[in-house]
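Here's the letter readout for the chains.
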Amino acid sequence: MPIIVNLDVMLARRKIRSRELAARIELTEANVSLLKSGKVRGIRFDTLERICAVLDCQPGDILEYVPDSADDALEPRGAGRKSA
C-alpha cells in the first residue's frame, strides 16, 4: 500500500498513549488502533484535524506516500485497469 500511516511514530514522539489520543479526539481505541496499523481505507478530514491538533503536527507527519514501484508513481490513476 503506497500510503504509510506514521501515527505510532508521532504518538511516541509526543509521549502520548493511544488511549489518551482516543479520548481526546473522541474516537474509539479500536479505531485508533486500526489507524496506527494502517488497516483503514480512509480517514475523515475532521478526524485528521483533531489528531493533528492534539499531536501538534501536520498531516504529512502522520501520512506518507511511498510508491510501490517507480512505474506506479508515473502511471495515471486507473491506467492499469482493463475494461470488459
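For every chain, the first residue of the written sequence is number 1, and numbering continues from 1 along that sequence. Per-residue local features of the predicted model are confined to residues with pLDDT of at least 70, and side-chain atom pairs are confined, for both listing and counting, to 80 or more; whole-chain, interface and lining totals are unaffected and use all residues. Side-chain measures here rest on the full set of heavy atoms in the structure, leaving out hydrogens and waters.

With that settled, consider unusual backbone geometry. Phi is positive for Lys 15, which is not a glycine, with a value near 55 degrees. Considering the arrangement of structural elements, one finds Lys 15 in the loop between α1 (7-14) and α2 (18-25). Here Asp 56, not a glycine, exhibits a phi torsion of approximately 50 degrees, which is positive. In this description a helix means any DSSP run of H or I spanning at least four residues, a strand means any run of E spanning at least two, and both kinds are numbered starting from the N terminus. As for its position among the elements, Asp 56 is in the loop between α4 (45-55) and α5 (59-62).

Attention now moves to the state of the cysteines. A pair of sulfur atoms, both from cysteines and within 2.5 Å, is called a disulfide here. Applying the stated criterion across every chain yields a total of 0 disulfides. No disulfide involves Cys 52; its sulfur sits 4.1 Å from that of Cys 57, the nearest cysteine. Three labels apply to residues, based on accessible area from a 1.4 Å probe with only protein chains included: buried if under 20% of the type maximum, exposed if over 50%, partly exposed otherwise in between. The exposure class of Cys 52 is buried, given its relative accessible area of 9%. Among the residues examined, Cys 57 registers a relative accessible area of 9% and is labelled buried.

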